[in-house]
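# Summary of the model geometry
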Amino acid sequence: MQYRTFGKLDWRPSALGFGAMRLPVIDHDMSRIDEEEATRMIRHAIDHGVNYVDTAYPYHQQQGEPFVGRALRDGYRERVRLATKMPTWLIEKPEDFDRYLALQLERLQVERIDFYLLHALEAARWARLRDLGVLDWAERQMAAGLIGYLGFSFHDSFEVFKEIVDACDHWTLAQIQYNYMDVDYQAGQRGLRYAAAKGLAVVIMEPLRGGQLARVPPPQAVAALWATADRQRTPADWALQWLWNQPEVSLVLSGMSTMQQVEENLASAGRSGVGSLSAEELALIERVRAAYRGLSPIPCTQCRYCVPCPNGVEIPRIFEIYNDVMMYNDPRTGRMLYGWLKETQRADQCVECGQCQDACPQGIPIIEWLKKAHALLGAE
């Protein structure tokens with residue numbers, strides 16, 4: 001295992017962290033963790049050098065934290081730093097901070113959480129928590145020894161990310177979605193470098209884009225590019241090494257579902273290092289990114305001139321989901337994300353008024369693409 005730096009802390013994290021969001025389950029039921037196999041996986045990872053385990057209140061339909069507490073028995077708790085996250089969307093009043101922390105400590109069977117993150121911050125949620133006094137509350141919990149260090153995970157724009165980073169002197173870490181396809185998405189590379197320059201550790205989630213960048217075989221155009229490399233790697237290893245190549249990355253979380261994934265990721269982490277990829281390899285990854293994007297059928301630039309739609313259809317997000325399905329050949333994830341939209345935001349709410357098409361600088365036939373998107377994404 002290779003070890004890295006973690007912001008200003010005098011502690012070296014393993015390059016690979018164990019994310020407990022995609023544990024093996026029984027009968028495809030996310031609430032029924034296969035505890036024997038999942039425990040074997042987590043302990044095997046720790047035995048081979050992983051020293052960071054990440055969970056959260058909602059994972060596995062609230063069964064994740066209790067499971068992790070059990071998996072870290074028998075001396076394993078003392079060998080790792082443990083991270084979990086406040087269910088920020090459930091916080092309605094200041095008293096809720098204490099209530100959920102106490103519940104999480106009980107579930108995890110610990111007296112202290114090493115890294116406590118405010119989960120999934122975006123602009124409105126951050127403003128509400130800030131106004132409820134979450135930063136003063138967290139400072140008191142750190143002084144009392146219930147929390148070791150404070151951090152946040154993030155899903156919004158770079159501008160919001162920068163605002164949150166600058167709002168508090170107590171942040172130790174930021175957790176962001178980042179991979180070679182999402183360089184400019186949400187916090188993105190600018191956020192990675194900004195937080196690191198401020199002395200924060202940056203923990204990476206979705207390094208493989210929910211497994212989309214690890215698919216074997218990848219699309220033909222992508223496979224042809226990978227085949228040109230002097231050193232052959234799996235698609236997953238390319239994606240992970242691209243992250244570990246960057247000094248600002250403190251550790252990479254992987255939500256592993258099988259022992260094979262654990263073994264493969266441990267081997268990748270063992271080969272990792274800052275500056276380990278050549279200029280030719282980095283250029284190849286740039287070409288792979290372009291090849292993936294070339295598979296997007298809708299030439300949407302996310303300029304958002306088409307919104308607000310008078311009927312509430314979330315056109316750019318629908319096109320983003322549809323393009324991702326086409327790029328990664330992953331209709332299951334696309335249908336899940338489409339299902340998360342409100343019914344009033346979906347493509348079948350289009351009344352064909354044409355306002356969006358008149359506004360689109362790309363000249364996209366939006367109405368026809370919305371029909372195609374709903375036919376695919378709205379299918380059972």
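Calculation criteria
- Residues numbered from 1 in each chain as written.
- Predicted model: local features only at pLDDT ≥ 70, side-chain atom pairs only at ≥ 80, totals over all residues.
- Heavy atoms only, no water.
- Salt bridge = Lys/Arg side-chain N within 4 Å of Asp/Glu carboxyl O.
- Helix = DSSP H or I, 4+ residues; strand = E, 2+ residues; numbered from the N terminus.
- Buried < 20%, exposed > 50% of the residue type's maximum accessible area, 1.4 Å probe, protein only.
- Polar contact = N/O pair within 3.5 Å; in protein donor to acceptor, adjacent residues only side chain to side chain.
- Contact = heavy atoms within 4.5 Å.
- Expected span 1.5 Å × (residues − 1).
- Arc of directions from axis to C-beta.
- Pairing = 2+ DSSP bridges.
- Axes fitted to C-alpha atoms, helices over the stretch in contact; angles between N-to-C directions.
- Phe/Tyr/Trp six-rings, centres within 6.5 Å; stacked < 30°, edge-to-face > 60°.
- Lys NZ or Arg CZ within 6 Å of the ring centre and 35° of its normal.

## Some thoughts on the pattern of salt bridges
Considering all chains together, one arrives at 29 salt bridges under this definition. The residue Arg107 makes a salt bridge to Glu65 at a minimum N-O spacing of 3.3 Å. Note that Arg107 is positioned in helix 4 (residues 95–108) and Glu65 in helix 3 (residues 64–71), a separation of 42 residues in sequence. A relative accessible area of 14% places Arg107 in the buried class. Its salt-bridge partner being Asp182, residue Arg209 comes within 3.2 Å of it at the nearest N-O pair. Of the two residues, Arg209 sits in the loop between strand 9 (201–205) and helix 9 (220–226) while Asp182 sits in the loop between strand 8 (171–177) and helix 8 (188–197), which places them 27 residues apart along the sequence. The class for Arg209 is buried, based on a relative accessible area of 13%. Salt bridges here are not isolated pairs; linked through shared partners, they connect Arg233, Asp237, Arg271 and Glu281.

## What about the side chain of Asn179?
Mapped onto the elements, Asn179 comes out in the loop between strand 8 and helix 8. Since its relative accessible area comes to 0%, Asn179 is described here as buried. A polar side-chain atom of Asn179 sits 2.9 Å from the main-chain amide nitrogen of Met181. In this structure the side chain of Asn179 is engaged in a polar contact, spanning 3.0 Å, whose partner is the backbone oxygen of Glu206. Excluding anything up to four places from it in sequence, Asn179 contacts Glu206, Pro207, Arg209, Leu213, Trp242 and Leu243.

## Some words on the environment of Thr172
Secondary-structure assignment places Thr172 in strand 8. A relative accessible area of 12% means that Thr172 is categorised as buried. Expressed as a C-alpha distance, the spacing of Thr172 and Glu343, which sit 171 residues apart in the sequence, is 39 Å. Ignoring sequence-local partners within four residues, the contact set of Thr172 consists of Phe6, Leu9, Phe115, Tyr149, Leu150, Leu200 and Ala201.

## Topic: helix 16 (residues 366–377)
The end-to-end C-alpha distance of helix 16 is 16 Å, a good match for the 16 Å that 12 residues give at a rise of 1.5 Å each. What helix 16 keeps buried is the set Ile366, Ile367, Trp369, Leu370, Ala373 and Leu377. The arc that holds every buried residue of helix 16, seen down its axis, measures 160°, which confines them to one face. Contact partners of the buried residues in helix 16: helix 13 (315–328), helix 14 (331–340) and helix 15 (355–359).

## Topic: the sheet that holds strand 8
In spatial order, the strands read 1-4-5-6-7-8-9-10; together these eight strands close into a barrel with parallel pairing. Along the sheet, successive strands turn relative to each other by an average axial angle of 30°, direction set aside. Sheet topology note: the strand 4 (residues 52–54)/strand 5 (residues 81–86) ladder contains three bridges and is parallel. Paired with Asp54 across the bridge in strand 5 is Ala83. Helix 6 (residues 134–144) rests against strand 5, strand 6 (113–121), strand 7 (147–154) and strand 8 of the sheet, and its axis sits at about 145° to strand 7.

## Some remarks on the pairing of strand 3 (residues 29–33)
Here two bridges tie strand 2 (residues 25–26) to strand 3, and the two strands are oriented antiparallel to one another. Bridge assignment links Val25 to a residue of strand 3, and that residue is Ile33. The hairpin formed by strand 2 and strand 3 contains two residues between the paired strands, and Asp27 there has a positive phi angle of roughly 55°.

## Quick notes on the packing of aromatic side chains
Enumeration over the complete set of coordinates arrives at 22 aromatic pairs. An angle of 75° between the planes, with centres 5.2 Å apart, marks the rings of Phe6 and Trp11 as edge-to-face. A residue is classified by how much of its surface remains accessible, and Phe6, at 0% relative accessible area, is buried. Ring geometry for Tyr180 and Trp226: centres 6.4 Å apart, planes at 85°, overall edge-to-face. Here the residue Tyr180 occupies a position in the loop between strand 8 and helix 8, and Trp226 occupies one in helix 9, the gap between them amounting to 46 residues. Tyr180 gets classed as buried once you look at its relative accessible area, which sits at 0%. Put simply, the rings of Phe6, Trp11, Tyr52, Phe115 and Tyr149 touch in pairs and so form one group of aromatic residues. For the cation-ring pair, Lys372 lies above Trp369, with the distance from its terminal atom to the ring centre recorded as 4.4 Å.

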